[in-house]
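Residue strings, one per chain:
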Amino acid sequence: MPYAPPIEHSLSPLLTPGSVAVVGASAREGSVGALTLAQLARVFDGAIYPVNPNYAELQGLPCHPDLASLPEAPDMAVLCLPNAALEEAVAAAIDRGVRALTIFASGFLPGDADPPLNERIKQRCLEAKVALCGSNGMGFYNYAEGVAVCGFRGSSRVLKGGISLITHSGSVVSALADCEERIGFNLVISAGNELVTGLADYMDYVLERPDTTAIGLFMESARKPEDFARALEKAARRGTPVVALKVGRNARSAELAFSHSGAIAGSDGVYQALFERYGVIRCDSLDEMATTLQLVSQPRPPVPGAFASMHDSGGERGLYVDLAEKAGVPYAEISEETQGRLAALLDPGLLPTNPLDSWGTGRDFERVFTESLLALAEDPAVGLVYFCFDREGEGKLDPAYVSAFEAAAGRSDKPMAIVTPRHGSGHDPNDQRLAEMGLQVLDGDWWSLKAARHFFAWRDFRAQEPDAAPTPPSEDALALWRARLSKGALSEDESLSLAEALGLPVAARRLASSWEGLEAAAGELGFPLVLKTAAPGVAHKTELNGVRLGLRDLPALKAAYDDLAARLGPHVLVARQAPDGEELAVGALWEEGFGSLVLLSSGGVAVESEGDAVFLLAPFGLATAGRALSRLRVHDRLCGLRGRASADLDSLAAALAVFSSGVAALGSGLRELDINPLRVGPEGFMALDALARGGEERA
């Protein structure tokens, strides 16, 4: 009977093959060919065909001299070969009818021809519609179906689960799959150079699997941005959390990523915007990623409410409170009823508060722990409960503490976890047994709190109402701007007109090229005024001392004009000075493969120094704009600190949403638009300076 994969997908021959050929299989201890064959044979139930003309038998299996001599065309062939032998082997596999390949070697040859080896392999596989894992990867583990295709020594996992890990770094396979027994994976894939099959393809496959509960991504770049965005949208639509660790945030990291795998990391703001749109949980370290995957994949659905924790140490409880504030995890205000339940349980001197220190004299402590945890979990204001205590000798969990936790968890459906403040071994049988029950043991106070923050953020993302973007400007108006942008950079006056057309108010202004013209403009606008050079090609006017503020009369205006005209030429822009307020920067950017982005940040000179920025994919709606504004450090000042009147943030968010619709409608015609500052105050908001560019590609 023909082999039937668990799901029908273009990657089924690769990830769930019915038969596998190991080309370059070997008996040499420690070799890639020997390790691959041994690990596959240990778990795989399908047909295995070792291929090597130097052996008659390997691992008790008949060894074949070449692929042509096999009794059938295998679904997948693993090429355990050096770079010099790859091209011939790929051709032989395709000729034999193999539908999928895995390549461990780098695919680089010294002094190679043009196109190089990797490109030649890629083209052959694309033409033959052959899926390919690699090159320059560690292969994959399909724990659910028992397929181990890896040429490097790995562990024999006991715990299976629903987390799919896809990584550009093979070492991350070792770090998370081989060295951690509490995370239940269904698949772990080392994508390598992604010559043919990439991140988005693997994501599409695992999202079709009914056993996938979460996806972990360790990524350098999205080589197929449009496909990657579609995969993220699919995950969001299906309610599957995606936890990503994206390297290449700074120039040096991006350079190293490219040198390692040829993946251009791209602007980090693009990924921030993409992750924001689809609710991707972004982590900064492997510890944070692992702990977050544990928590978001636990089977208890998130519920409304804030955080609660119970401790057996007053000192560590205090540390946890400090770290929770730093991590942005809000503690729940528990009810008087819950406080009463706790007070009846606790020894004298212990306060019935959240966070709770529940260790007193040790009197009947197991019951006290159970009932205290249950009281916290049953409080309506609580959405997640941690039981925090230290491991004992040899990294063991206290059996009585575990028993108390299990008893409480058995009587509540709230998400709960044990947290040990420091990393232990994770090899206590209780760690794994609890994980099999859907109850996690998290190591590390900081990582567990970061995981809690991500858990709440994912819950809140899932609860958001659809946020439709406003209608963009008319197509006639957009067509005029596309035509102008096709000619390249705009002047400041034109750039401000574009900002106004996209929905942002701008300061009243006039152009002048003589004192007489400037004097007439001042009469129309009224004082106080701002005077700026309008010399062609001057982008950063302040660096050339090309801006004069607070000009209150004609003599001050004349003196400022005479200076600018003498140094920078007679062409100037004069504008009515805006009221005082906070300054934001608003930007628009076209990123090839990703589309239009909008940047919001602190403005003025702070835009480059504060690093206070949010990137969003355009278009977006009012609620998204409001959330983005709330994340800026300047937000508190916009809300009116120290008795100052608050800005109209609802109107500002609405205008930014309209702006995003126009930016998206202009698409690649608008390469860049920088509005800085956008002055915001109680009297409204106004774009004071702008610079736009279209037409040519960015250098």
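Please refer to the structure higher up on the page.
The notes below deal with the structure included here. It should be emphasised that the depicted structure is a prediction, and the values quoted were computed from it without experimental measurement.

Remarks on the overall build of the chain
In step 1: Secondary structure summary: the chain contains 24 helices and 29 strands in total.
In step 2: Over its C-alpha atoms, taken along the principal directions, the chain stretches across nearly 100 × 80 × 40 Å.
In step 3: Out of the 699 residues in the chain, the part that is buried amounts to 56%.
In step 4: Of the roughly 29000 Å² that the chain leaves accessible, carbon and sulfur atoms contribute 53%.
In step 5: For the chain, the distance from the average site of its 62 positive side-chain charges to the average site of its 91 negative ones is 2 Å.

A word on helix α13 (residues 365-377)
In step 1: With 13 residues, α13 extends 18 Å from end C-alpha to end C-alpha; this agrees with the ideal 18 Å at 1.5 Å per step.
In step 2: Where the residues of α13 are buried, they touch β15 (306-311), α12 (336-345), β16 (356-357), β17 (382-388), α14 (399-410) and β18 (416-420).

What to know about the sheet that holds strand β20 (residues 509-512)
In step 1: The strand order across the open sheet built from four strands is β20-β23-β21-β22, with neighbouring strands paired in antiparallel fashion. A strand with exactly one partner marks an edge of an open sheet, and here the two such strands are β20 and β22 (547-551). Taking each pair of neighbouring strands and ignoring which way they run, the sheet shows an average axis angle of 20°.
In step 2: Direction of pairing for strand β21 (residues 529-533) relative to β22: antiparallel, over a ladder of three bridges. By the bridge assignment for β22, Leu 531 is matched with Arg 548.
In step 3: Across the face of the sheet, helix α20 (residues 554-568) comes into contact with β21, β22 and β23 (572-576) while running at roughly 10° to β21.

Topic: helix α19 (residues 515-525)
In step 1: Turning to α19, its buried residues are Trp 515, Leu 518, Ala 521, Ala 522 and Leu 525. Down the axis of α19, the buried side of the element spans an arc of 120°, and every buried residue falls inside it. Projecting away from the buried face of α19 at angles above 90 degrees are the exposed residues Glu 516, Gly 523 and Glu 524.
In step 2: Where α19 is buried, its residues touch β20, β21, α20 and β23.
In step 3: The positive-phi residue at the C-terminal boundary of α19 is Gly 526, with phi of around 85°.

Digging into the nonpolar core
In step 1: Membership of the largest hydrophobic core comes to 56 residues, with the highest contact counts inside it found for Leu 217 and Phe 228.
In step 2: The residues contacting Phe 228, other than those within four sequence positions of it, are Leu 199, Ala 200, Met 203, Leu 217, Met 219, Ala 222, Leu 274 and Phe 275.
In step 3: Grouped together as the second largest cluster of nonpolar side chains are 47 residues, Met 138, Ile 183, Tyr 320 and Tyr 331 included.

What about the packing of helix α10 (residues 286-296) against helix α16 (residues 445-463)?
In step 1: Running from N to C, α10 and α16 point in directions that differ by 50°, and their axes come no closer than 8 Å. Taken together, α10 and α16 sit at an angle that is classed as oblique. For the element pair α10 and α16, the recorded crossing hand is right-handed. On the side of α10, the interface is formed by Asp 287, Glu 288, Thr 291, Thr 292, Leu 295 and Val 296, while α16 contributes Trp 447, Ser 448, Lys 450, Ala 451, Ala 452, His 454 and Phe 455.

Considering the packing of aromatic side chains
In step 1: For the structure shown, the criterion picks out 18 aromatic pairs.
In step 2: Ring geometry for Trp 359 against Phe 369: centres 6.3 Å apart, planes inclined by 45°, an arrangement best described as tilted. A residue pair is termed long-range when its members are at least 10 positions apart, and Trp 359 in the loop between β16 and α13 and Phe 369 in helix α13 qualify at 10 residues.
In step 3: Residue classification places Phe 369 among the buried positions, given a relative accessible area of 0%.
In step 4: By way of ring pairs, the aromatic residues Trp 359, Phe 365, Phe 369, Phe 387, Phe 389 and Tyr 401 are connected into one cluster.
In step 5: Sitting over the face of the ring of Tyr 271, Lys 246 holds its NZ or CZ atom 4.5 Å from the ring centroid.
In step 6: Seen from the ring of Trp 515, Lys 558 lies directly overhead, with NZ or CZ sitting 5.7 Å from the centre.

Considering the pattern of salt bridges
In step 1: Taken as a whole and judged by the stated rule, the model has 40 salt bridges.
In step 2: Salt-bridge contacts for Asp 112 lead to Arg 120; the nearest nitrogen and oxygen are separated by 3.3 Å.
In step 3: The class of Asp 112 is partly exposed, set by a relative accessible area of 25%.
In step 4: Assessed through its relative accessible area of 19%, Arg 120 is described here as buried.
In step 5: Put simply, Arg 631 and Glu 276 hold a salt bridge, and the shortest N to O gap is 3.1 Å. A residue pair is termed long-range when its members are at least 10 positions apart, and Arg 631 in the loop between α22 (622-630) and α23 (635-638) and Glu 276 in helix α9 (residues 268-278) qualify at 355 residues.
In step 6: A relative accessible area of 25% places Glu 276 in the partly exposed class.
In step 7: It is possible to trace a salt-bridge network through shared partners that takes in Arg 182, Arg 391, Asp 431 and Asp 443.

Looking at the pairing of β18
In step 1: Judged by how many residues are buried, β18 sits mostly within the fold: five of five residues are covered.
In step 2: Alternating residues of β18 divide into Met 416, Ile 418 and Thr 420 and Ala 417 and Val 419, and every residue in both groups is buried.
In step 3: Pairing of β17 with β18 involves four bridges; the strand directions are parallel. By the bridge assignment, Val 385 is partnered in β18 with Met 416.
In step 4: The β-α-β motif built from β17, the intervening α14 and the parallel element β18 has right-handed crossover chirality.
In step 5: Where β18 lies against strand β19 (residues 440-443), four bridges are found, and the strand directions are parallel. Residue pairing for β19: Val 419 is matched across the bridge by Leu 442.

Structural notes on the environment of Gly 170
In step 1: Summarising the element assignment, Gly 170 is placed in helix α5 (residues 170-178).
In step 2: For Gly 170, a relative accessible area of 15% corresponds to the buried category.
In step 3: Here the alpha-carbon distance between Gly 170 and Ala 653, two residues 483 residues apart in the chain, equals 43 Å.
In step 4: When near neighbours in sequence (up to four residues on either side) are disregarded, Gly 170 contacts Met 138 and Ser 190.

Side note on the sheet that holds strand β6 (residues 100-103)
In step 1: Pairing within the open sheet is parallel, and its five strands lie in the order β2-β1-β5-β6-β7. Looking at strand neighbours, the two that pair on one side only are β2 (47-51) and β7 (131-133), the edges of this open sheet. Neighbouring strand axes in the sheet, compared pairwise and without regard to direction, differ in orientation by 20° on average.
In step 2: Inspection of the sheet shows strand β5 (residues 76-79) paired to β6 by four bridges, in the parallel sense. Bridge assignment links Leu 79 to a residue of β6, and that residue is Ile 103.

Definitions and limits used
- Residues numbered from 1 in each chain as written.
- Predicted model: local features only at pLDDT ≥ 70, side-chain atom pairs only at ≥ 80, totals over all residues.
- Heavy atoms only, no water.
- Helix = DSSP H or I, 4+ residues; strand = E, 2+ residues; numbered from the N terminus.
- Buried < 20%, exposed > 50% of the residue type's maximum accessible area, 1.4 Å probe, protein only.
- Areas by Shrake-Rupley, 256 points an atom, 1.4 Å probe, with all protein chains shown as cover.
- Lys, Arg positive; Asp, Glu negative; His and termini not counted.
- Charge placed at Lys NZ, Arg CZ, Asp CG, Glu CD.
- Expected span 1.5 Å × (residues − 1).
- Contact = heavy atoms within 4.5 Å.
- Pairing = 2+ DSSP bridges.
- Axes fitted to C-alpha atoms, helices over the stretch in contact; angles between N-to-C directions.
- Arc of directions from axis to C-beta.
- Core = buried A, V, L, I, M, F, W, Y, C linked by side-chain atoms within 4.5 Å.
- Parallel < 35°, antiparallel > 145°, perpendicular 65-115°, else oblique.
- Left-handed = near helix turned anticlockwise from the far one by under 90°.
- Phe/Tyr/Trp six-rings, centres within 6.5 Å; stacked < 30°, edge-to-face > 60°.
- Lys NZ or Arg CZ within 6 Å of the ring centre and 35° of its normal.
- Salt bridge = Lys/Arg side-chain N within 4 Å of Asp/Glu carboxyl O.
- Right-handed = clockwise from strand over helix to strand, strands pointing away.

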